[in-house]
Protein chains: 2
Amino acid sequence: MKKITSLSQDKILQVNKLILERIHSKLPLISEIAKYILSAGGKRLRPILALSSAKLLNYNQSSNQDVYLASAVELIHTATLLHDDVVDNSIKRRNKKTANEVWGNQITILVGDFLFSQAFELMVKTNSLKVLQTLSNASSKISEGEINQLQCKNNPETTTEEYLDIITGKTAELFSAACKSGALIASNNTNQIKALEIYGKQLGIAFQLVDDALDYISETPKLGKSVGDDFKDGKVSLPIIISWKRGTKDEKKFWTRVISNLDQNENDFNKAKELINKYDGIVETYAIAKSYSQNAVDALSIFESCEVKDGLIEVADYTISRIN
Amino acid sequence: MKKITSLSQDKILQVNKLILERIHSKLPLISEIAKYILSAGGKRLRPILALSSAKLLNYNQSSNQDVYLASAVELIHTATLLHDDVVDNSIKRRNKKTANEVWGNQITILVGDFLFSQAFELMVKTNSLKVLQTLSNASSKISEGEINQLQCKNNPETTTEEYLDIITGKTAELFSAACKSGALIASNNTNQIKALEIYGKQLGIAFQLVDDALDYISETPKLGKSVGDDFKDGKVSLPIIISWKRGTKDEKKFWTRVISNLDQNENDFNKAKELINKYDGIVETYAIAKSYSQNAVDALSIFESCEVKDGLIEVADYTISRIN
């Protein structure tokens, strides 16, 4: 992501500065926890998307609505991560202990709420009701996606459609809203706004498909979280759905035991990976991710070639390259 | 609260209807949980304050910004209750099992997030950036208040100032923002807006002081939650602060054991009530609540006498009458 990162570098520095200002609270513990998670080295992918979408539509770079917007998007994402890690009982994120692991669930829930409220305060500073509508709607859909995921947990009979619905809600809606909002502050051109909204949605789906596949093939340091976390938690993603659908009666028994009943032995993760490979679970997940990533690139076809457009295409390529 | 309730009855019916529409989700479980908590018979005090503040400043009753605003305020409040009950591990609320007790913590956290996002979507529909600013700022302060409370838990040395800071954040900020926002959609008169903001803040502090005292003197059915919940949880409120400050060395030892160490026997709650009464903990808490309630009434002095003003004065009286 060299191109897109260098194009938005100045603005990203402003985003980081603004976020640090916003998370300052009269209660030092809030600042401490917020700093801990925000400085854990995320790629700032969502704010980069918001900034780049605005830039693609010739947003005046001396204005700073885009910085408010991008910071708000990152804070929504961070609030979501805090609550997710509580809900999933996660121990590791970005190669560091999760906030809930260090400070406990109670305070982590409340700091998540604080960051979410701060995100809304920043959104208000964009002075755009359309941005507020787009991002508050995305927030609702994120929660719906998370709840949907929780309900499908431990159920290997989850369909591909249900799974795509889940990852659209929990991941792609915010990617899409970031791009759309960036477009909204820069332009009134509905076709261009729509194109960036679609780009974000397709990119987000590709991103989450790859993320879920990585849980079965990556190394812990590369992935940031512990490999096999989804498996241990009984979370159902596309590689499992594929293997379940094509599995024999005995293999289905295995999945029921490890995913539905969470009755797992030491060697079960390797067995799961074997079954996933037997039915090309990773290969097919990757192929589907690639097609979503291609949809994202296609959505940009209405724009003239330029550095920012090249950068956005690079993001789509990067998203799927993580699996190789 | 007969007067104020009858004055806003039509609008409150619209608020209830709008909320029911908003909590409808493609996921039936979300609607089920949201309905469960929203239909548990709350007094709709905060939306009534928003509606009445607008009405006092002659808001056009055929418009419906006030209904959007009042519904948003109730949804913020409801989202907060859901997260609070998870954080406090509460079992009962409004004489019913809490959502976390029925459906578990994970889903309750996420439904809280969903309702919070829905609240923001409704706020956007008021088309007022000032309302959005006021309510998003209040939301931040609520989280800060809750975190502050959590940090002071189990610490009987909490000062009166710290305690007032906590209840201002967790309760009075939303009362105040509800009144201020109602005023904002109706008028540009800064003195009147300020007066209603102060009314709400003072009322909210009085309300929470009484609520906290009730935990030591009420009966469970009247209180809705279980009497002694704060005590069992080691939550420090004014009656305890007063008794601690004036207590003997032995009495301080008692408070340290039951509040700091949560090492409680069957008879300790009665012993705590005895010590609170020995030092007039309830009487003084009530007197302070009464003075805040009077401040609230005084803030209304700039308004001509009218039915709505009488209604708002009635709310201030009601707030402290709950203790008798």
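Analysis parameters
Residues numbered from 1 in each chain as written. Chains lettered and ligands numbered in written order. Predicted model: local features only at pLDDT ≥ 70, side-chain atom pairs only at ≥ 80, totals over all residues. Heavy atoms only, no water. Helix = DSSP H or I, 4+ residues; strand = E, 2+ residues; numbered from the N terminus. Expected span 1.5 Å × (residues − 1). Buried < 20%, exposed > 50% of the residue type's maximum accessible area, 1.4 Å probe, protein only. Polar contact = N/O pair within 3.5 Å; in protein donor to acceptor, adjacent residues only side chain to side chain. Contact = heavy atoms within 4.5 Å. Buried area = accessible area lost by both parts, 1.4 Å probe. Salt bridge = Lys/Arg side-chain N within 4 Å of Asp/Glu carboxyl O. Nonpolar A, V, L, I, M, F, W, Y, C, P; charged D, E, K, R; others polar. Axes fitted to C-alpha atoms, helices over the stretch in contact; angles between N-to-C directions. Parallel < 35°, antiparallel > 145°, perpendicular 65-115°, else oblique. Left-handed = near helix turned anticlockwise from the far one by under 90°. Least-squares fit on C-alpha atoms with pLDDT ≥ 70 in both. Phe/Tyr/Trp six-rings, centres within 6.5 Å; stacked < 30°, edge-to-face > 60°.

## Details of helix α10 (residues 190-217) of chain A
Residue and element names in this part refer to chain A. With 28 residues, α10 should cover 40 Å at 1.5 Å per step; its first-to-last C-alpha distance of 41 Å lies within 8% of that length. Of all 28 residues in α10, 21 are buried; the element is thus mostly enclosed. Near the N-terminus of α10, the side chain that reaches the backbone nitrogen of Asn191, with its oxygen 3.0 Å away, is that of Asn189.

## Observations regarding the interface of chain A and chain B
Listed per partner, the contact involves 38 residues of chain A and 38 residues of chain B. The junction of chain A with chain B conceals about 3,700 Å² of combined surface from both sides, 69% of it contributed by carbon and sulfur atoms. On inspection of chain A and its partner chain B, the count reaches two salt bridges. Between Lys26 of chain A and Asp165 of chain B there is a salt bridge whose closest N-O contact spans 3.6 Å. Of all the secondary-structure elements, those providing two or more residues to the side of chain A that touches chain B are α3 (28-38), α5 (65-88), α7 (105-124) and α8 (129-152) of chain A. Here the side of chain A that touches chain B is composed, by residue class, of 17 nonpolar, 14 polar and seven charged.

## Things to note about the packing of helix α13 (residues 238-246) of chain A against helix α16 (residues 281-299) of chain A
All names here are of chain A. Viewed as axis vectors pointing N to C, α13 and α16 meet at an angle of 125°, and their least axial separation amounts to 8 Å. Looking at the two axes, α13 sits oblique to α16. Crossing handedness for the pair α13 and α16: right-handed. Residues Leu238, Pro239, Ile242 and Arg246 of α13 lie in contact with α16, whose contacting residues are Gly281, Ile282, Glu284, Thr285 and Ile288.

## Comments concerning the relation of the copies chain A and chain B
One copy of the chain maps onto the other through a rotation about an axis followed by a shift along the same axis. After a rotation of 180° and a shift along the axis of 0.0 Å, chain A superposes on chain B with an RMSD of 0.0 Å. Here the two chains are linked by the operation of a two-fold rotation axis. Looking at the interface residues of chain A, 100% of them are also at the interface in chain B, so both copies use one shared face.

## Description of the packing of aromatic side chains
Going through the model one piece at a time under the given rule, you end up with 14 aromatic pairs over all chains. A ring pair is formed by Phe231 of chain A and Phe269 of chain A, whose centres lie 5.4 Å apart and whose planes are at 50°; its orientation type is tilted. Placement of Phe231 of chain A in helix α12 (residues 229-233) and of Phe269 of chain A in helix α15 (residues 268-278) is noted, with a sequence separation of 38 residues between them. Each member of the pair, Phe231 of chain A as well as Phe269 of chain A, is classed as buried. Between Phe116 of chain B and Phe120 of chain B the ring centres are 5.1 Å apart and the planes differ by 90°, which places this aromatic pair in the edge-to-face class.

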